[in-house]
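Each chain is listed here by its residues.
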Amino acid sequence: MAEFAAAMIVEVARLLNDAEPGYEHIRWTRADLLEYLNDAQRQVYLYRPELYAQTDVFPLVAGARQGPLPDGCQLQKIIGSAGDAGRARKVDDGLLQAFADTGCAPVSVCGDYRVRGYSFTPQDPRAFFVDPPVPDDGQTYTVALVCQQSPEAITLADLDDADPRNDVLVTPARMHNALIEWMLYRAYSVDMESAQSFAKQEAHRQHFYAMLGVSEAKERVVAVSQAGRVPEGAQP
């Protein structure tokens, strides 16, 4: 069942006791809560990108190297050539790239091209390599792939639009409570001078990571990597 941003904002406002009829959003505006919701979806994607997996068809170009992938797409796997009953297998990350760098001509596939293998690396997340290389024969070839697509930010205009599709959350419904916890964490973080608010925000933050199944160590590693630093004791 689809969940909607507007309904979640109302729910959080009620939990914050900021939804009295006629006096809604006195402490936290709709824009504030929408910002927290967008941030909550980004946080879930950061730690659980597999929840945002979707299958797409991607056009191939001549050669082994393919891409760039669409913005926000984190490649999970290549299924195989579109329409092919077979499945491509992931091979050593360096082999196909090394072959692509040699400038060797692709092996002739006699007009019956199929992707048999592929590779990609986190260091080049918007590109991948296929085997055999795509022939330059003027034909159009495509591949089916699984992409972990980062959620787009919802705007206030989306909330008020008559088309309900603009208001749909892409985060799976089972993460409903996790999104709520992060929004409450962000809301109570506004009042940094209150000991009570600090205790509440810390509790909601911990609940959020627990619901995602994220350990404190992983949370710390991801946090410092986002800041551009390598944590002590972590492997690069």
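Presented here is a report on the structure given in the accompanying data block. Just so it is clear, the structure is predicted and the values come from calculations on it, not from any experiment. (Residues numbered from 1 in each chain as written. Predicted model: local features only at pLDDT ≥ 70, side-chain atom pairs only at ≥ 80, totals over all residues. Heavy atoms only, no water.)

**So, the overall build of the protein**
Point 1. When its secondary structure is counted, the protein shows seven helices and seven strands.
Point 2. Secondary structure of the protein in N-to-C order comes out as α-α-β-β-β-β-α-β-β-β-α-α-α-α.
Point 3. Carbon and sulfur atoms make up 52% of the accessible area of the protein, which amounts to about 13,500 Å² in all. (Helix = DSSP H or I, 4+ residues; strand = E, 2+ residues; numbered from the N terminus. Areas by Shrake-Rupley, 256 points an atom, 1.4 Å probe, with all protein chains shown as cover.)

**Re the packing of aromatic side chains**
Point 1. Within this structure, the stated rule accounts for 10 aromatic pairs.
Point 2. A ring pair is formed by Tyr-45 and Tyr-52, whose centres lie 5.4 Å apart and whose planes are at 75°; its orientation type is edge-to-face. Like Tyr-45, the residue Tyr-52 is buried in the burial classification.
Point 3. By way of ring pairs, the aromatic residues Tyr-47, Trp-182, Tyr-185, Phe-208 and Tyr-209 are connected into one cluster.
Point 4. Geometry around Trp-28 places Arg-27 over its ring, the cationic atom sitting 5.1 Å from the centre.
Point 5. Directly above the aromatic system of Phe-120 lies the positively charged group of Lys-90, at a separation of 5.0 Å from the ring centroid. (Phe/Tyr/Trp six-rings, centres within 6.5 Å; stacked < 30°, edge-to-face > 60°. Buried < 20%, exposed > 50% of the residue type's maximum accessible area, 1.4 Å probe, protein only. Lys NZ or Arg CZ within 6 Å of the ring centre and 35° of its normal.)

**Quick word on the nonpolar core**
Across soluble globular proteins, nonpolar side chains show a tendency to be buried alongside one another.
Point 1. Ranked by size, the top nonpolar core spans 34 residues in total, and within it Leu-16, Leu-33, Val-44, Met-183 and Leu-212 carry the most contacts.
Point 2. Those elements that provide at least two residues to this core are helix H1 (5–15), helix H2 (30–47), helix H5 (176–188) and helix H6 (195–212).
Point 3. With nine residues, the single largest contributor to this core is H5.
Point 4. Setting aside residues no more than four positions away along its own chain, Val-44 makes contact with Pro-49, Leu-51, Tyr-52, Thr-171, Met-175, Leu-179, Phe-208 and Leu-212. (Core = buried A, V, L, I, M, F, W, Y, C linked by side-chain atoms within 4.5 Å. Contact = heavy atoms within 4.5 Å.)

**Description of the pattern of salt bridges**
Point 1. The full count for this structure, using the stated rule, is eight salt bridges.
Point 2. Here Arg-48 and Glu-50 are joined by a salt bridge, their closest N and O atoms 2.4 Å apart.
Point 3. One network of salt bridges, with partners in common, ties together Glu-35, Asp-39, Arg-42 and Arg-186. (Salt bridge = Lys/Arg side-chain N within 4 Å of Asp/Glu carboxyl O.)

**A few points about the state of the cysteines**
Point 1. Here the structure, examined in full by the defined rule, presents one disulfide.
Point 2. The disulfide bridge from Cys-73 ends at Cys-147, spanning 2.1 Å between sulfur atoms. Linking Cys-73 in strand S3 (residues 73–81) with Cys-147 in strand S7 (residues 142–149), this pair joins segments that are 74 residues apart in sequence.
Point 3. Since its relative accessible area comes to 7%, Cys-73 is described here as buried.
Point 4. In this structure Cys-147 comes out as buried when scored by relative accessible area, which is 1%. (Disulfide = S-S within 2.5 Å.)

**Some thoughts on H1**
Point 1. Here H1 has its buried residues at Ala-5, Met-8, Ile-9, Val-12 and Ala-13. The buried side chains of H1 occupy one side of the element, clustering within an arc of 140° when seen end-on.
Point 2. Buried positions along H1 lie against H2, helix H4 (156–160) and H5.
Point 3. Immediately downstream of H1, the backbone of Asn-17 shows phi near 55°, a positive value. (Arc of directions from axis to C-beta.)

**Brief notes about the packing of H1 against H5**
Packed helices, taken two at a time, are described by the angle their axes make and the gap between the axes.
Point 1. Between H1 and H5, the shortest axis-to-axis distance is 10 Å and the interhelical angle comes to 55°. Taken together, the axis directions place H1 and H5 in an arrangement best described as oblique. Crossing hand, H1 versus H5: right-handed. Taken together, the residues of H5 that come into contact with H1 (itself represented by Met-8, Glu-11, Val-12 and Leu-15) are His-176, Leu-179, Ile-180, Met-183, Leu-184 and Tyr-188.
Point 2. When grouped by side-chain class, the residues that make up the contact of H1 with H5 number eight nonpolar, one polar and one charged. (Axes fitted to C-alpha atoms, helices over the stretch in contact; angles between N-to-C directions. Parallel < 35°, antiparallel > 145°, perpendicular 65-115°, else oblique. Left-handed = near helix turned anticlockwise from the far one by under 90°. Nonpolar A, V, L, I, M, F, W, Y, C, P; charged D, E, K, R; others polar.)

**Concerning H6**
Point 1. In a regular helix each residue adds 1.5 Å, so 18 residues correspond to 26 Å; H6 covers 26 Å between its end C-alpha atoms and thus fits that length.
Point 2. Listed as buried for H6 are Ser-197, Gln-201, His-204, Arg-205, Phe-208, Tyr-209 and Leu-212. End-on view of H6: buried residues confined to an arc of 130°, all on one side of the axis. When the buried face of H6 is taken as reference, the exposed residues oriented beyond 90 degrees from it are Ala-195, Gln-196 and Ala-210.
Point 3. Gly-213 lies just past H6 and shows a positive phi near 75°. (Expected span 1.5 Å × (residues − 1).)

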